[in-house]
Amino acid sequence: MKFFIDTANLAEITEAANLGVLDGVTTNPSLMAKEGITGKDRILQHYVDICNIVDGPISAEVISTDFENIILEGEALAQLHPNIIVKVPMIKDGVRAIKYFTEKGIKTNCTLVFSAGQALMAAKAGATYVSPFVGRLDDISTDGIGLIAQIRKIYDNYGYKTQILAASVRHPMHIIQCAEIGSDVITGPLSAMLALLNHPLTDSGLAKFLSDYKKGNG
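As the structure is a computational prediction, the values presented were derived from the model and not from experiment.

Trainee: Could you give an account of the overall build of the chain, naming the residues involved and the relevant values?
Mentor: Secondary structure assignment for the chain yields eleven helices and eight strands. The burial tally for the chain puts 43% of its 218 residues in the buried class. Sequence separation of at least 24 residues holds for 56% of the intrachain contacts in the chain that already meet a minimum separation of 6. Surface summary for the chain: the accessible area is close to 11100 Å², and the carbon and sulfur share equals 55%.

Right, here's the structure in full:
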């Protein structure tokens, strides 16, 4: 399973990359704004800066909602760097744009997916990735992990090549559950990834080893 980090913070991206397990990055207008990245030129340059840190898929999101402008934005984003994946919303014109991009050889990430039907439409249009939002579904007392399982079954039934990118992952158990189900990718905060490293028995065991070594070696 691939690990993407969901942020626009270059320090966090660098830390995750240095860990040696990072495969890619996802971001969105909200995450850009959180880091104070505003204005078209600054946003585009920020995507390039991210690409210079991580040699993997970098999802760059369009902000248009009509077909013509999604195409214009998406083609401009795709020209920034070979690793750019054009992130397109799950709307009617978005699906149409994904089909267009697919035929042009431009990779896409269909975002804001909350149902199996939406995931099916994205796959039929040829999306490279589909992003079901696990955490946001959990927030409204809906089974986000269950949706990942449902999409996995549908894609396996028909051999769709679209990769399931479990988004809005909030904590380490989300990651483990997605791995058990067979999600191709997860994207979430650095904190969720780092939490996978932690276990109290690891901490106590290491403390014991070091204590014993000190006793014997001064």
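From this point, things continue past the structure.
Trainee: Any chance you could break down the environment of S64 for me, citing the residues and the numbers?
Mentor: In this fold, S64 is placed in the loop between β3 (58-61) and α4 (67-78). Distance in space between the C-alpha atoms of S64 and D93 is 9.8 Å, their sequence separation being 29 residues. Leaving out residues up to four positions away in the same chain, S64 has contacts with N69, I70, E73 and P89. Within the local environment of S64, its side chain forms a polar contact with the side chain of E73, the two groups lying 2.3 Å apart.

Trainee: Quick rundown of the packing of helix α5 (residues 92-104) against helix α6 (residues 116-125)? Include the residues and the values.
Mentor: With their axes 8 Å apart at the nearest point, α5 and α6 run at an angle of 30 degrees to one another. One finds that α5 runs roughly parallel with respect to α6. Our pair here, α5 against α6, has a crossing hand that is right-handed. Of the residues in α6, those touching α5 at V95, I98, K99 and T102 are M121, A122 and A125.

Trainee: Which residues make up the packing of aromatic side chains, and what are the values?
Mentor: Geometrically, a pair of aromatic rings is defined through the distance of the ring centres and the angle of the planes. Inspection of every chain in the model, using the stated rule, returns six aromatic pairs. Here F67 and Y100 contribute two aromatic rings whose centre-to-centre distance is 6.2 Å and whose plane-to-plane angle is 90 degrees, an arrangement assigned as edge-to-face. Placement of the pair is F67 in helix α4 and Y100 in helix α5, with a sequence separation of 33 residues. Judged by its relative accessible area of 24%, Y100 is partly exposed. Geometrically, the ring pair formed by F114 and F133 is tilted, given 5.4 Å between the ring centres and 50 degrees between the ring planes. Of this pair, F114 sits in the loop between β5 (108-113) and α6 while F133 sits in the loop between β6 (129-132) and α7 (134-139), placing them 19 residues apart in sequence. An aromatic cluster of at least three residues, connected via ring pairs, comprises F67, Y100 and F101. The ring of F67 carries R96 above its face, with NZ or CZ at 3.7 Å from the centroid.

Trainee: With reference to specific residues and values, describe helix α1 (residues 10-19).
Mentor: Capping of α1 at its N-terminal end is provided by N9; its side-chain oxygen lies 2.9 Å from the backbone amide nitrogen of A11. Just beyond α1, the residue with positive phi is G20, at close to 95 degrees.

Trainee: With reference to specific residues and values, describe the environment of F114.
Mentor: Classification of F114 by relative accessible area gives partly exposed; the value is 32%. On a C-alpha basis, the gap between F114 and T102 in space is 22 Å, while along the polypeptide they are twelve residues apart. Setting aside its immediate chain neighbours within four residues, F114 contacts F133, R136, L137 and L147.

How each quantity is defined
Residues numbered from 1 in each chain as written. Predicted model: local features only at pLDDT ≥ 70, side-chain atom pairs only at ≥ 80, totals over all residues. Heavy atoms only, no water. Helix = DSSP H or I, 4+ residues; strand = E, 2+ residues; numbered from the N terminus. Buried < 20%, exposed > 50% of the residue type's maximum accessible area, 1.4 Å probe, protein only. Contact = heavy atoms within 4.5 Å. Areas by Shrake-Rupley, 256 points an atom, 1.4 Å probe, with all protein chains shown as cover. Polar contact = N/O pair within 3.5 Å; in protein donor to acceptor, adjacent residues only side chain to side chain. Axes fitted to C-alpha atoms, helices over the stretch in contact; angles between N-to-C directions. Parallel < 35°, antiparallel > 145°, perpendicular 65-115°, else oblique. Left-handed = near helix turned anticlockwise from the far one by under 90°. Phe/Tyr/Trp six-rings, centres within 6.5 Å; stacked < 30°, edge-to-face > 60°. Lys NZ or Arg CZ within 6 Å of the ring centre and 35° of its normal.

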